[in-house]
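One-letter residues, chain by chain:
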Amino acid sequence: MSAEETGMYDKMLLIPGPTNLSKRVRSVMSEPQLPHVGPEFYAAFKETLGLARYAFRNEKGVQFVFTGSGTIGMESSIVSLVQRGDRTLTLSTGYFGKRMLLLNQIHGAKAGSIDYRDGAHADPDDLRKKLAETKYSAVFITHVDTSTSISNPVRELVEECNRAGALSVVDGVCSVGGVPLDFDRLGADIVFTASQKALSSAPGAVLVAASQRALDAMASRKEPIGSYYMNLLRWKPIMDDPRMYLATPATQVLLALREALTELKEEGVEKRWERHRALGEITRDSVGNWGLDFVAEEGHRADTVTSFFVRNGTAGEVQKKLETDHGVVVARGIAEQKDSVIRVGHFGILTPAELRGALGSLGDTLAALKETAPRAAPAER
Ligand SMILES: Cc1ncc(COP(=O)(O)O)c(C=O)c1O
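Residues numbered from 1 in each chain as written. Predicted model: local features only at pLDDT ≥ 70, side-chain atom pairs only at ≥ 80, totals over all residues.

Details of the overall build of the protein chain
Operational definition: Secondary structure elements follow DSSP: runs of H or I no shorter than four residues count as helices, runs of E no shorter than two count as strands, and numbering proceeds from the N terminus. The atom set for the radius of gyration is the C-alpha atoms, and the globule formula is 2.2 Å times the number of residues raised to the power 0.38. In this description, a residue-residue contact is defined by the distance between C-beta atoms placed from the backbone, which must lie within 7 Å.
Each helix and strand in the protein chain was counted, giving 14 helices and 14 strands. Expected size for 381 residues packed as a compact globule is a radius of gyration near 21 Å; at 21 Å, the protein chain falls within 12% of this value. At a minimum sequence separation of 6, the contacts of the protein chain that also span at least 24 residues come to 72%.

Things to note about helix 7 (residues 154-164)
Stated formally: Any residue surrounded by 20 or more other C-beta atoms within 10 Å of its C-beta is treated as buried, while 12 or fewer makes it exposed and the intermediate range makes it partly exposed; C-beta atoms here are placed from the backbone. The reported arc concerns the directions from the helix axis to the C-beta atoms and nothing else.
Among the residues making up helix 7, those that are buried are V154, L157, V158, E160 and C161. Buried residues along helix 7 cover an arc of 150° about the axis, so they all sit on one side. Buried residues in helix 7 make contact with strand 3 (87-92), helix 6 (124-133), strand 5 (138-142), strand 8 (167-171) and helix 8 (183-186). Positive phi appears at G165, one or two residues downstream of helix 7, with a value of about 75°.

A short note on the pairing of strand 10 (residues 205-210)
Stated formally: At least two DSSP bridges between two strands are needed for those strands to be called paired.
Of all six residues in strand 10, six are buried; the element is thus mostly enclosed. Residues A205, L207 and A209 line one face of strand 10 and the alternating positions V206, V208 and A210 line the opposite face, and both faces are buried. With six bridges connecting them, strand 2 (residues 62-67) and strand 10 associate as antiparallel partners. When the sheet's bridge partners are listed, Q63 is paired in strand 10 with A209. Bridge count between strand 9 (residues 190-194) and strand 10: five bridges; the pairing is antiparallel. Bridged to I190 within strand 10 is A210.

A few points about the sheet that holds strand 14 (residues 341-345)
Strands pair in a sheet through their backbones, by hydrogen bonds, and they do so in one of two ways: parallel or antiparallel. Overall, antiparallel pairing links the three strands, which are arranged 11-14-13 in an open sheet. Only two strands of the sheet have a single partner each, and these edge strands are strand 11 (305-309) and strand 13 (331-332). Pairing analysis gives five bridges linking strand 11 to strand 14, with the strands arranged antiparallel. What sits directly across from V305, in strand 14, is G345.

Notes on the environment of E317
Structurally, the position occupied by E317 is in helix 13 (residues 315-326). Exposure remark for E317: the 16 C-beta atoms within 10 Å place this residue in the partly exposed category. Distance in space between the C-alpha atoms of E317 and P39 is 51 Å, their sequence separation being 278 residues.

Looking at the nonpolar core
Convention followed: Put simply, a nonpolar core is buried Ala, Val, Leu, Ile, Met, Phe, Trp, Tyr and Cys residues tied into one set by C-beta atoms within 7 Å. Note that domain bounds follow an automatic or database assignment of domains.
Counting 108 residues, the largest nonpolar core has A138, I190, V191 and V208 as its most contacted members. No other element matches the seven residues that helix 11 (residues 251-267) contributes to this core. Two domains share this core, each providing at least three of its residues, namely domain 1 (3-16 + 268-368) and domain 2 (23-265).

So, the site of the ligand
What counts here: We call a residue near a molecule or strand when its C-beta atom, built from the backbone, sits within 6 Å of it. Amino acid classes used here: Ala, Val, Leu, Ile, Met, Phe, Trp, Tyr, Cys and Pro are nonpolar; Asp, Glu, Lys and Arg are charged; the rest, including Gly, are polar.
Near the ligand there are 13 residues, and of these S69, G70, T71, T146 and V173 occur at the shortest range. At three residues, the largest contribution of residues to the shell around the ligand is made by helix 4 (residues 70-81). Considering only residue class, the shell around the ligand consists of five nonpolar, six polar and two charged.

Points about unusual backbone geometry
For the bond running from G17 to P18, omega is -5°, close enough to zero to count as cis. Considering the arrangement of structural elements, one finds P18 in the loop between strand 1 (12-13) and helix 2 (23-28). Notably, S149 is not glycine yet its phi reads approximately 70°, a positive angle. Inspection of the secondary structure puts S149 in the loop between strand 6 (144-145) and strand 7 (150-151).

Okay, structure coming up:
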């Protein structure tokens, strides 16, 4: 697929973030520089916060938007909430669950985990049992783990946390804006995401929704939060009055985010969830038709990203040929799955028609490299 065909892209990104950007979002970033403390940026930032609330469905909690990647959202949640010696639990369903566990360890928690094999979902029954055995101050949950494409049953998991009186932190980097997530109804204490995934903006902005309970827990800590920049309590007054200064914001990134969130609101968040559901189904149908195996178990496959095994370890070749021949970019598996797994990101402003076209090219590439298997005779694995 070429820029001529789409009229939009030099390359069609089907990686699990960053996503393709609309012309509106791209053009915002080439406007003249604004002062970060002037009335224009102040008004734009206020609007961005309101739009972020809309995307998260967060009317009751506190909304944060600031410069940083998704990892800053993760680490600021951990460093702000967790005190040294706190017992925390991470549900580890892939690479990003492992990162949350690591950050808990780095920041001095007595960090426990339930570790799932790649492709398995976090089971609320396991969590219930664990919470009955041990008192944890906070539980860390990945909604969609981008490495395995697993979609965890976040509502049930958060319910277990609330029943046991543990705070819950949800990594929504690969979910917010793409799949149903209603912060007010979910009852989680923190949900964070980043600008470059289902929100279809440029990388560099982190969005955090937090409950009053989470803010109270931060405020009543015995020891101060061990960070200047990743201290959510320090960011709170800036969210109340963005004219105040904490650190210079990436103005272009935040203005681009306002535009992307405006587009999201124009589409309507529920419509966007529906479109992502269709994108997920289209992708899963294609993988099924190619006769290839999914990484994520059935019933728990995400609508924002799909990972599947290639049979002959040619993920790198598939990726290269697809980009060279068709201008479509997919990702490979992470770490030991880099040769055996392809990951297709299908979120943001992507349309079903664009996705079908790009998957057609991926199917041709897999066939050319003898990776597809007829449905009737699936390959031995
Ligand atoms: C589920 C998930 N969590 C966290 C992150 C980290 O975000 P970032 O790379 O923006 O720091 C990613 C990035 O892909 C992700 O997919």
